[in-house]
Amino acid sequence: MKAAGLADIDEKLRAEERLTLDDGVALFNAPDLLAVGWLANREREKRHGARTYFNYNLRLEPTNVCVASCLFCSFARLQPSDAAAYTMSLEQAWDKLRKRASQPLTELHIVNGLNPDLPFDYYKDLLRGFKRIRPEIHLKCFTAVEIAFFADLYKMTDEQVLRELIDAGLDSLPGGGAEIFAERVRRKICHDKCDADRYLSIHRIAHRLGLRTNVTMLYGHIETMEERVDHMMRARALQDETGGFQAFIPLAFHPDNNQMRKLPAPSAADTLRVHAVARLMCDNIPHIKAFWIATGVDVAQTALWFGVDDLDGTVQEEKIYHMAGSPTPEGMTTAQLSRLVRAAGREPLERDTLYNIVNVHAATC
Ligand code: V47
């Protein structure tokens, strides 16, 4: 640690002292990636040992029509008349779940474009229908950006929107839409969606109403190291207040088919480091997730030694990353996830959304 210039940070971590903005930046600038990873792994093992979580989930994006013009997005279609624009009917969306009746799914993760032409009842009926088909399924739906959009469009408060969706079956919020909290970056890459304060305020309200949520960070575009660390610290500060975040999820920028396509994708080394620094800075958030669709399978597996203890899940149908050039499969089975965790020397545990263990995968899986 001394040779890596990280002795002070090592000392602080041993003393369970909180890391500062300068510490976070130092971790990003330290040449010795393995030293950073070693520190993150120690924190990971302190919390979780070798335990590594994933779930049996299904991703669904019922509409890609979107009024926002985020530069990084390859999924949204601004005009409903665009040939690639789509909005599923409620029956089409429900069929996606019906046809997986034989799968032991525990979670449905839904994200949409900001579609100005749908009534609020579409979303409430969507959730009610999913619960009618499978009452026990956990509905992790709508980013804070979508909640803010609904509130503005349907002339409600953020809290009213959340309350009505909870009444219709909403169980938790995913972490999407956080991007980078710094105003400088948001103005450039996503100027027309809700700002960082409102994103965090919606998560605060959700936590108060009893929902658990996740928080993401889109990295590898125009953000500085300070802005990455600032982002982690803002998530950490809300977690101090509410304790409602379950996982911090760094999301690697994918440059294909969007307005930032001239930028290179973040390297594997950067991805490992971002997850490691997240583990070290977000000391109060229980889980650091590598979304394998975003990181790539091999890097997600390696990240299990760089602070990561969670791999999201089976996913099965994914559009946002595949439209932006992700070369991963669109889904993995729990047996595949389990094998890759074991091959990394870790212990695979199938969880539900709230991290209750639902299946211990035997070594023969
Ligand atoms: O908010 C969009 C990101 C997010 C690109 O909560 C892109 O468990 C990279 O939030 N390159 C949606 N990223 C996905 C998301 C998520 C994923 C997995 C688990 C959870 C969870 C949440 O995807 C968006 C945006 O930040 N995104 N386009 C792109 N070209």
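Note: the structure precedes this text.
This write-up is about the structure you can find in this document. (Residues numbered from 1 in each chain as written. Predicted model: local features only at pLDDT ≥ 70, side-chain atom pairs only at ≥ 80, totals over all residues. Heavy atoms only, no water.)

**Points about the overall build of the protein**
Thought 1: Per the secondary structure count, the protein includes 14 helices and 11 strands.
Thought 2: The C-alpha atoms of the protein give a radius of gyration of 20 Å, which matches the 21 Å a tight globule of 365 residues would have.
Thought 3: For the C-alpha atoms alone, the extent of the protein along its principal axes is close to 60 × 50 × 40 Å.
Thought 4: Of all 365 residues assigned to the protein, the portion counted as buried reaches 61%.
Thought 5: For the protein, the exposed area adds up to about 14100 Å²; of that, 52% sits on carbon and sulfur atoms. (Helix = DSSP H or I, 4+ residues; strand = E, 2+ residues; numbered from the N terminus. Rg over C-alpha atoms; globule rule 2.2 N^0.38 Å. Buried < 20%, exposed > 50% of the residue type's maximum accessible area, 1.4 Å probe, protein only. Areas by Shrake-Rupley, 256 points an atom, 1.4 Å probe, with all protein chains shown as cover.)

**Topic: the sheet that holds strand 1 (residues 51–55)**
Thought 1: Strand order in the open sheet made by the four strands is 9-1-10-11, with mixed pairing throughout. Both edges of this open sheet fall to strand 9 (310–313) and strand 11 (357–360), since each of them pairs with a single strand only. In this sheet, neighbouring strand axes are inclined to one another by 30 degrees on average, regardless of whether the strands run parallel or antiparallel.
Thought 2: Here strand 1 runs beside strand 9; their pairing, made up of two bridges, is parallel. (Pairing = 2+ DSSP bridges. Axes fitted to C-alpha atoms, helices over the stretch in contact; angles between N-to-C directions.)

**Focus: the packing of helix 6 (residues 144–153) against helix 7 (residues 158–168)**
Thought 1: Two numbers describe how helix 6 lies on helix 7: the axes approach to 8 Å, and their chain directions differ by 110 degrees. The angle between helix 6 and helix 7 falls in the class roughly perpendicular. Residues Ile-147, Ala-148, Phe-150 and Ala-151 of helix 6 form the contact with helix 7, whose participating residues are Asp-158, Val-161, Leu-162 and Leu-165.
Thought 2: Across the contact of helix 6 with helix 7, the residue classes tally to seven nonpolar, no polar and one charged. (Parallel < 35°, antiparallel > 145°, perpendicular 65-115°, else oblique. Contact = heavy atoms within 4.5 Å. Nonpolar A, V, L, I, M, F, W, Y, C, P; charged D, E, K, R; others polar.)

**Observations regarding empty space enclosed by the protein**
Thought 1: In the structure shown here, the tally under the stated rule is one cavity of 30 Å³ or more.
Thought 2: Approximately 70 Å³ is the volume attributed to the largest cavity.
Thought 3: As for the largest cavity, its lining consists of Glu-107, Lys-140, Ser-172, Leu-173, Arg-212, Thr-213, Asn-214, Gln-246, Lys-289, Arg-351, Thr-353 and Tyr-355.
Thought 4: The set of elements that each furnish at least two residues to the lining of the largest cavity consists of strand 5 (172–173) and strand 6 (212–219).
Thought 5: When the residues that make up the lining of the largest cavity are grouped by side-chain class, the tally is two nonpolar, five polar and five charged. (1 Å grid on protein atoms, 1.4 Å probe; cavity = no way out; pocket = protein on both sides within 12 Å on 5 of 7 lines; lining within 4 Å. Points joined across faces, edges and corners; volume = space filled by probe spheres on them.)

**Side note on the packing of aromatic side chains**
Thought 1: Counting across every chain of the model gives 11 aromatic pairs.
Thought 2: On the numbers, 5.2 Å between centres and 85 degrees between planes, the contact of Tyr-122 with Tyr-123 is edge-to-face.
Thought 3: Seen in terms of ring centroids, Phe-149 and Phe-150 are 6.5 Å apart; in terms of plane orientation they differ by 55 degrees. Their pairing is tilted. This pair shows no difference in class: Phe-149 is buried, exactly as Phe-150 is.
Thought 4: Positioned above the aromatic ring of Trp-94 is the side chain of Arg-132, whose terminal nitrogen or guanidinium carbon lies 5.6 Å from the ring centre.
Thought 5: The residue whose ring lies beneath Arg-351 is Tyr-355, and the NZ or CZ to ring-centre distance is 4.3 Å. (Phe/Tyr/Trp six-rings, centres within 6.5 Å; stacked < 30°, edge-to-face > 60°. Lys NZ or Arg CZ within 6 Å of the ring centre and 35° of its normal.)

**Some words on the environment of Leu-153**
Thought 1: Among the secondary structure elements, Leu-153 is positioned in helix 6.
Thought 2: Taking the C-alpha atoms as reference points, Leu-153 and Leu-114, 39 residues apart in sequence, are found 9.9 Å from one another.
Thought 3: Ignoring anything within four residues of it in the chain, the contact list for Leu-153 reads Asn-115, Pro-116 and Leu-118.

**Comments concerning the site of the ligand**
Thought 1: Near the ligand, the surroundings consist of 24 residues, among which Phe-72, Lys-140, Gly-177, Glu-179 and Tyr-321 are the closest.
Thought 2: Gly-176 is positioned with one of its backbone polar atoms (N or O) 3.2 Å from an oxygen atom of the ligand.
Thought 3: His-254 is positioned with one of its backbone polar atoms (N or O) 2.8 Å from a nitrogen atom of the ligand.
Thought 4: Protein coverage of the free-state accessible area of the ligand, which is 620 Å², stands at 97%.
Thought 5: At a threshold of 2 Å from the grid points, most atoms of the ligand map onto the largest pocket.
Thought 6: Sorting the residues of the shell around the ligand by element identifies strand 6 and strand 7 (245–252) as the ones contributing at least two each.
Thought 7: Looking at the shell around the ligand, its residues break down into 11 nonpolar, eight polar and five charged. (Near = heavy atom within 4 Å. Polar contact = N/O pair within 3.5 Å; in protein donor to acceptor, adjacent residues only side chain to side chain. Sits in = over half its atoms within 2 Å of the grid points.)

**Description of helix 11 (residues 268–281)**
Thought 1: Given a rise of 1.5 Å per residue, 14 residues ought to cover 20 Å, and the 20 Å separating the end C-alpha atoms of helix 11 matches this to within 8%.
Thought 2: For helix 11, the tally of buried residues reaches 12 of 14 residues, placing the bulk of the element in the interior.
Thought 3: For helix 11, every residue scored as buried is listed here: Asp-270, Thr-271, Leu-272, Arg-273, Val-274, His-275, Ala-276, Val-277, Ala-278, Arg-279, Leu-280 and Met-281. (Expected span 1.5 Å × (residues − 1).)

**A few points about the side chain of Asn-55**
Thought 1: Mapping Asn-55 onto the fold places it in strand 1.
Thought 2: Residue Asn-55 is classed as buried on the basis of its relative accessible area, which comes to 0%.
Thought 3: Of the polar contacts made by the side chain of Asn-55, one reaches the side chain of Asn-57; its length is 3.2 Å.
Thought 4: Other than its neighbours up to four places away in sequence, Asn-55 contacts Thr-106, Glu-107, Asp-312, Gly-313, Thr-314, Glu-350, Arg-351 and Thr-353.

**Notes on the pattern of salt bridges**
Opposite charge on two side chains allows them to pair when their charged atoms are near.
Thought 1: Throughout the structure, instances matching the rule amount to 34 salt bridges.
Thought 2: Residue Arg-47 is joined to Glu-43 by a salt bridge in which the shortest nitrogen-to-oxygen separation is 3.1 Å. Of this pair, Arg-47 and Glu-43 both sit in helix 3 (residues 33–48), four residues apart, which is roughly one turn of that helix.
Thought 3: The class of Glu-43 is buried, set by a relative accessible area of 6%.
Thought 4: Two residues, Asp-158 and Arg-198, come together in a salt bridge whose shortest N-O distance is 2.8 Å. Here the residue Asp-158 occupies a position in helix 7, and Arg-198 occupies one in helix 9 (residues 196–208), the gap between them amounting to 40 residues.
Thought 5: When salt bridges with common partners are traced through the structure, they connect Glu-16, Glu-43, Lys-46 and Arg-47 into a single cluster. (Salt bridge = Lys/Arg side-chain N within 4 Å of Asp/Glu carboxyl O.)

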